[in-house]
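Single-letter residue listing:
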Number of protein chains: 2
Amino acid sequence: MSTPDLETRLDPAIAARLKRNADGLVAAIVREHGSGDVLMMAWMDDEALHRTLTTGLATYWSRSRRELWVKGATSGHYQHVRHVALDCDGDAVLVTVEQDGAACHTGTHTCFTDELSLTPGGDR
Amino acid sequence: MSTPDLETRLDPAIAARLKRNADGLVAAIVREHGSGDVLMMAWMDDEALHRTLTTGLATYWSRSRRELWVKGATSGHYQHVRHVALDCDGDAVLVTVEQDGAACHTGTHTCFTDELSLTPGGDR
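Per an unreviewed UniProt entry, chain A goes by Phosphoribosyl-AMP cyclohydrolase and derives from Mangrovihabitans endophyticus. In the Function (unreviewed entry) part of its UniProt record, chain A is described as follows: "Catalyzes the hydrolysis of the adenine ring of phosphoribosyl-AMP." The heading Subunit (unreviewed entry) in the UniProt record of chain A holds the text "Homodimer."

Written as structure tokens, this is what we have:
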């Protein structure tokens, strides 16, 4: 599969609520069940969302490899889906998961580890 | 200002770590300080990130209006910035805020209110 959205079994009632970007994707924000930690951001085409809702394993569209990507399929760091919620304008989903191992490919718990300093008054 | 990135005072050391999309933007995931609730997703150009880091008020790039957007400037629902962290590949920031009023323009606490049903076995 080299382009998203060619064939999908996503519920048409859900598909109709999505507002996809120019590449046919919606953003997926991934949060850890329990801790509430935001783990990573990825992208989904319709079929990735379908599989996320039906298989119990978070599945994304890899923009670099241009293929469906079951998170953990190579690393073992699967994400077991507990909740999925769409936002008000239909272009992002919040996926709540139980995370096996590290969410980030760098080996850290979350991908958001590069803290940027707040510099009040730095606008002057 | 009608296109992002024309002029910005963003720290060059931060700018060099950003991996912007074709529109010159990075995704901004907004989380509430304290509760950890994920409130919304928006987009930032370099100047929006600069202002977010320096003014204490979350500032985005409005893709529809094509202008910088201080969240709350019209609604009063400002977001007071407590932390900003960049992700491992530099294309998303996690912004932790204290939220005045409702984060969503629909009047709800968070934009992620449309819960999608998990249907195990629905893949068959």
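Next comes the rest of the description.
J.: How should I be thinking about the pattern of salt bridges in this particular structure?
T.: When the charged atoms of two side chains lie near each other, side chains of opposite charge can form a pair. Inspection of every chain in the model, using the stated rule, returns 14 salt bridges over all chains. Close ionic contact of R51 of chain B with E47 of chain B constitutes a salt bridge, the shortest N to O distance being 2.8 Å. With a gap of 4 residues between them, R51 of chain B and E47 of chain B both fall in helix α2 (residues 46-55), about one helical turn apart. If you follow the salt bridges from partner to partner, you end up with R9, E47 and R51 of chain A in one network.

J.: Can you walk me through the UniProt feature "binding site: Zn(2+)" (unreviewed entry) in chain A in this structure?
T.: The residues that UniProt annotates with the feature "binding site: Zn(2+)" (unreviewed entry) are C88, C104 and C111 of chain A. Their sequence span is 24 residues, while the largest C-alpha to C-alpha distance among them is 27.5 Å; these annotated residues do not converge on one region. For C104 of chain A, a relative accessible area of 3% gives the class buried. Contact partners of C104 of chain A, with chain neighbours within four places excluded, come to H109, T110 and C111 of chain A together with C88 of chain B. Checked against the element boundaries, C111 of chain A lands in the loop between β6 (92-99) and β7 (114-116). Taking relative accessible area as the criterion, C111 of chain A reaches 7% and is therefore assigned buried. Among residues more than four places away in sequence, those in contact with C111 of chain A are L39, M40 and C104 of chain A together with L86, D87 and C88 of chain B.

J.: Would you explain the side chain of K71 of chain B in this entry?
T.: Here K71 of chain B lies in the loop between β4 (67-70) and β5 (79-86). In this structure, K71 of chain B is buried with no salt-bridge partner, the nearest side chain bearing the opposite charge being D89 of chain A at 11 Å. Reaching out from K71 of chain B, the side chain makes a polar contact with the backbone oxygen of A103 of chain B at a distance of 2.6 Å. K71 of chain B has contacts with M40, A58, Y60, H77, Y78, Q79 and A103 of chain B, leaving out every residue within four places of it along the chain.

J.: Please explain α2 of chain B as it appears in this structure.
T.: An α-helical segment advances 3.6 residues per turn. Residues three or four places apart therefore align on the same side. All names here are of chain B. Within α2, 8 of the 10 residues are buried, which leaves the element mostly enclosed by the surrounding structure. Along α2, the residues that are buried comprise D46, E47, A48, L49, H50, T52, L53 and T54. G56 occupies a position one or two residues after α2 and carries a positive phi of about 85 degrees.

J.: Sorry, what's going on with the interface of chain A and chain B here?
T.: The extent of an interface is frequently quoted as the accessible surface area lost upon association of the parts. Facing the 45 residues of chain A at the interface are 45 residues of chain B. The partner of R17 of chain A in a salt bridge is D114 of chain B, with the nearest N and O atoms 2.9 Å apart. Linking chain A with chain B are 16 residue pairs in polar contact (both at pLDDT 80 or more). Elements supplying a minimum of two residues to the side of chain A that touches chain B: β1 (26-32), β2 (38-44), α2 (46-55), β5 (79-86), β6 and β7 of chain A. Of the residues that constitute the side of chain A that touches chain B, the class distribution is 22 nonpolar, 12 polar and 11 charged. Pairing of β7 of chain A with β5 of chain B, which is carried by 3 bridges, proceeds in the antiparallel orientation. Note that in β5 of chain B the partner of D114 of chain A across the bridge is L86 of chain B.

J.: What am I meant to see in the relation of the copies chain A and chain B here?
T.: Between the two copies of this chain, the relationship is a rotation about some axis together with a displacement along it. When chain A is fitted to chain B, the best match, at an RMSD of 0.0 Å, comes from turning it 180 degrees and sliding it 0.0 Å along the axis. Seen this way, the second copy is the image of the first under a two-fold rotation axis. Rotation axis and chain A: the residue whose C-alpha lies nearest the axis is G36 of chain A, separated from it by 3.0 Å. Both copies present the same face, since 100% of the interface residues in chain A are matched by interface residues at the equivalent positions in chain B.

Reading the values: rules and limits
- Every chain begins its residue count from 1, and numbering advances along the sequence as written.
- To read the labels, note that chains go from A and ligands from 1, taken in the order they are written.
- Thresholds applied to this predicted model are a pLDDT of at least 70 for local features of residues and 80 or more for the giving and counting of side-chain atom pairs; totals over whole chains, interfaces and linings are not thresholded and use all residues.
- Excluded from the side-chain calculation are hydrogens and water; included are all heavy atoms of the structure.
- UniProt positions are given in the numbering used here, feature names are shortened, and annotations may be inferred rather than shown by experiment.
- The working definition used for a salt bridge is a side-chain nitrogen of Lys or Arg within 4 Å of a carboxyl oxygen of Asp or Glu.
- Helix and strand assignments come from DSSP, with helices taken as H or I runs of at least 4 residues and strands as E runs of at least 2, each series counted from the N terminus.
- Accessible area is worked out with a 1.4 Å probe on protein chains only. A residue is then buried under 20% of its type maximum, exposed over 50%, and partly exposed in between.
- Pairs of residues are marked as contacts when any of their non-hydrogen atoms sit within 4.5 Å.
- When charges are counted, Lys and Arg are positive and Asp and Glu negative, with His and the chain ends excluded.
- For the purposes of these results, a polar contact is taken to be a pair of N or O atoms within 3.5 Å, where, inside protein, one atom must be able to donate a hydrogen and its partner to accept one; residues adjacent in sequence count only when each atom of the pair is a side-chain atom.
- Just so you know the grouping, Ala, Val, Leu, Ile, Met, Phe, Trp, Tyr, Cys and Pro go in nonpolar, Asp, Glu, Lys and Arg go in charged, and all remaining residues, Gly too, go in polar.
- Two strands qualify as a pair provided that DSSP identifies no fewer than 2 bridges between them.
- We place the copies in one frame by least squares, fitting the C-alpha atoms of every residue whose pLDDT is at least 70 in both.

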